[in-house]
Amino acid sequence: MVDISAKEPTVRIAVARGKITMKADTADLVRHGDAAKGDVLAVARLAGIGASKLTSQLIPLCHAIAIESVNVEFSDLGQCFTGGINQSPEAEFLCTATVKTTGKTGVEMEAMTAVCIACLTVYDMVKGVDRGVKIGPIELVQKSGGKSGDYRATQS
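All figures in this text were calculated on a predicted structure; none of them were measured in a lab.

Asker: Explain the pattern of salt bridges to me, please; I cannot follow it from the model alone.
Answerer: Pairs can form between side chains of opposite charge once their charged atoms are near each other. Applying the stated criterion to the full structure yields seven salt bridges. For Glu 92, the salt bridge is made with Lys 19, and the minimal N-O distance between the two is 4.0 Å. Of this pair, Glu 92 sits in strand β3 (residues 90-103) while Lys 19 sits in strand β1 (residues 10-23); the two residues are 73 residues apart in sequence, bridging distant segments of the chain. Its relative accessible area of 15% is what places Glu 92 among the buried residues.

Written out as structure tokens, the structure is:
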């Protein structure tokens, strides 16, 4: 584990995001709250928040951090066509997690963990009707605070 004892606490913020792609019919179940297991996005939000708080238990050598704020949101990106000419339309959702603390080390891993677990929760809740759900990419969008300064991902 990296020694952070000499570091000064600073406000730290990290934002991560991940995309979830599924059949258009499955997305309609999610949008309307008609999935057999209930409100998919509400449960996934709670799972992401909870996971961010457990990051140090999941990732070896990751510091336990007193998280001060976690926000997990889903945006409906609508329909897309990702395959060949005969493929059915799909739909995409974007999961974004923002994590904040005042501490000696950053919260990038907590934001990434929140997105990963939120997306996996969506998969778990709809796998009964759509085993072809795709997750990814998952990426750090931005971070601020600390000695290394700010980071913002380039637009691709």
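Asker: Can you help me understand the sheet that holds strand β5 (residues 151-152) in this one?
Answerer: Paired through their backbone hydrogen bonds, the strands of a sheet run either parallel or antiparallel. Taken together, five strands build an open sheet; the order of strands is β2-β3-β1-β4-β5 and the sheet is antiparallel. Edge strands, defined here as strands with exactly one partner in the open sheet, are β2 (69-80) and β5. Pairing geometry for β2 and β3, over eleven bridges, is antiparallel. Bridged to Ser 69 within β3 is Lys 100. Across the sheet, helix α1 (residues 24-32) touches β1, β2 and β3, and the angle it forms with β1 is around 130°. Taken strand by strand, helix α2 (residues 40-53) contacts β2 and β3, and its axis lies near 140° from that of β2.

Asker: What exactly am I supposed to notice about the nonpolar core here?
Answerer: Nonpolar side chains in soluble globular proteins tend to be buried together. By size, the foremost hydrophobic cluster in this structure holds 28 residues, and its most contacted members are Met 22, Val 40, Val 72, Phe 74 and Val 122. Looking at this core, the elements that each hand over two or more residues are β1, α1, α2, β2, β3 and α4 (108-126). Broken down by element, this core gets its largest block of residues, eight residues, from α4. Setting aside its immediate chain neighbours within four residues, Val 72 contacts Arg 45, Gly 48, Ile 49, Cys 95, Thr 96, Ala 97, Ala 114 and Ala 118.

Asker: I'm lost on the pairing of strand β4 (residues 134-144) in this one. Help?
Answerer: Walk down a regular strand and you will see the side chains alternate between the two sheet faces. Where β1 lies against β4, eight bridges are found, and the strand directions are antiparallel. Of the residues in β4, the one forming a bridge with Arg 17 is Glu 139. Both β4 and β5 contribute to a ladder of two bridges, which runs antiparallel. Following the sheet pairing, Lys 143 is matched in β5 by Tyr 151.

Here is what the cut-offs are and how they apply
- Residues numbered from 1 in each chain as written.
- Predicted model: local features only at pLDDT ≥ 70, side-chain atom pairs only at ≥ 80, totals over all residues.
- Heavy atoms only, no water.
- Salt bridge = Lys/Arg side-chain N within 4 Å of Asp/Glu carboxyl O.
- Helix = DSSP H or I, 4+ residues; strand = E, 2+ residues; numbered from the N terminus.
- Buried < 20%, exposed > 50% of the residue type's maximum accessible area, 1.4 Å probe, protein only.
- Pairing = 2+ DSSP bridges.
- Contact = heavy atoms within 4.5 Å.
- Axes fitted to C-alpha atoms, helices over the stretch in contact; angles between N-to-C directions.
- Core = buried A, V, L, I, M, F, W, Y, C linked by side-chain atoms within 4.5 Å.

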